[in-house]
Structures are given as C-alpha cells and as structure tokens.
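If you want the building blocks of each chain, they are given just below.
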Amino acid sequence: MSRIGRKPIEIPDGVTITQVDSKITVEGPKGTLSRDIPKEVEVSVDKGTIVVNRLSEDKKGRSLHGLVRTLVSNMVAGVSKGFEKSLEIVGVGYRGELDGAVLRLLVGYSQPAEYKIPEGISIKVDRQVNLTVAGIDKELVGKVAAEIRNVKRPEPYKGKGIRYAGEKVRRKVGKSAGA
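Reading the values: rules and limits
Residues numbered from 1 in each chain as written. Predicted model: local features only at pLDDT ≥ 70, side-chain atom pairs only at ≥ 80, totals over all residues. Heavy atoms only, no water. Core = buried A, V, L, I, M, F, W, Y, C linked by side-chain atoms within 4.5 Å. Buried < 20%, exposed > 50% of the residue type's maximum accessible area, 1.4 Å probe, protein only. Helix = DSSP H or I, 4+ residues; strand = E, 2+ residues; numbered from the N terminus. Pairing = 2+ DSSP bridges. Axes fitted to C-alpha atoms, helices over the stretch in contact; angles between N-to-C directions. Polar contact = N/O pair within 3.5 Å; in protein donor to acceptor, adjacent residues only side chain to side chain. Contact = heavy atoms within 4.5 Å.

Draft legend 1. Focus on the nonpolar core. Leu103, Leu105, Val133, Ile148 and Ile162 are the most contacted members of the largest nonpolar core, which has 21 residues in total. Every element with two or more residues in this core is listed here: β7 (83–90), β9 (102–106), β10 (113–116), β11 (121–126), β12 (130–135) and α2 (138–149). The dominant element in this core, judged by the number of residues it contributes, is α2, at four residues. Counting 19 residues, the second largest nonpolar core, distinct from the first, contains Ile9, Ile11, Val41 and Val52.

See below:
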C-alpha cells in the first residue's frame, strides 16, 4: 500500500470539490483547477476529506495511487494558498523588467530576451534582480520558473545568470597564470 496514497486530504474552508465521471474540479478563493483521473484509481469525497483508492493491484495502478493523491492535494493547496517560486538574477548589468504580459531580461545578450507570461501566472520583479513567479497550478509555476532560468543558466566560472533563490552554484577554478 502506498504510504502517500493512503493519506486523506483535508479540504480547507472555502474550497469545493465536484466530480463528474473521471474529471475532478477543485474551486477555491484563488481560482479553479480541474484534472482527469485515470481509471486505475478512484477519488471519493466525504465529510471534509478526499480519499484516493486504487482499483487494481497491477504495477500501473500502484504507481498512479500516490501520484493522483499528490496531484489532487496540490490542486487543493493551489486554490486555497497558491504557489510561488523565487529567482535571482546575478551579474553586473543583468536585470529584468515587466512590460505588460512580457518579461524582458537583460542578461548579457546583444538584445533583451523576452518571455511571454502565460495566463494564470503572475510575475513580480523586485529591485530588478529578484523575480517571484506565482500561480495556483504548481506544475505551471515550476515550468515557467524553469523556462525563465533556462534563458541564461548560471555559469560555473563567475556564477552569472538566472538561478533559483538559495540555489548553490558549483564554481570551477578558472585558468591559472602559466609558470
């Protein structure tokens, strides 16, 4: 039995769950999320909790048990509290700025790199070097943060680039003067 899959999910106040066939919809103060549930697992809602049970004991059913529970739990947390990831821009002259629904990054290229912000995501720029990506869908927040980081990944010699807040960049030793 999956240790994660068998844990019930508490439904906070203000969050409603509706289930139609194999689609579950979670609605809360921050928005609405919906997802299709695979046929190998069953989601039941009763008395302020959600329980995920598997219908088959084959390998696919066992692997989907914990996954579906975590996905539903993330949906409940997203519509009630939301998710955010922080990024730092490191480097002399490197900065980011918002222009409507476009994030413009000046990170050492000849032209500013532009990133179109998808719907459902909000980005805050603090002091031009700290970015905060926020939204209700944990998967989309992580994807957007990873795409912004990939515009200019932190390089190992000087550490310049875009990194997650608190990320440690392994530094390499540069050339030494030949003797």
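Draft legend 2. Spotlight on the pairing of strand β2 (residues 16–20). The pairing of β2 with strand β3 (residues 23–28) spans five bridges and is antiparallel. The residue bridging Val20 from the neighbouring strand is Lys23, located in β3. Taking the residues between adjacent antiparallel strands as the criterion, β2 and β3 are bridged by two residues, where Asp21 takes a positive phi near 55°.

Draft legend 3. Seen up close, the sheet that holds strand β8 (residues 95–99). With antiparallel pairing, the three strands of this open sheet are ordered in space as β8-β9-β10. Each edge of the open sheet carries a strand with a single partner, namely β8 and β10. If you compare each strand with its neighbour and ignore which way they point, the axes differ by 25° on average. Looking at chain direction, β9 and β10 are connected through four bridges and run antiparallel. The partner of Arg104 across the bridge, within β10, is Glu114.

Draft legend 4. Quick peek at the side chain of Arg104. With respect to the helices and strands, Arg104 occurs in strand β9. Reaching out from Arg104, the side chain makes a polar contact with the side chain of Asp99 at a distance of 3.2 Å. Polar side-chain contacts of Arg104 include one of 3.0 Å to the side chain of Glu114. Dropping the residues within four chain positions of it, Arg104 is found in contact with Arg95, Gly96, Glu97, Asp99, Pro112, Ala113 and Glu114.

Without other data, these values stay purely geometric and don't point to any function.
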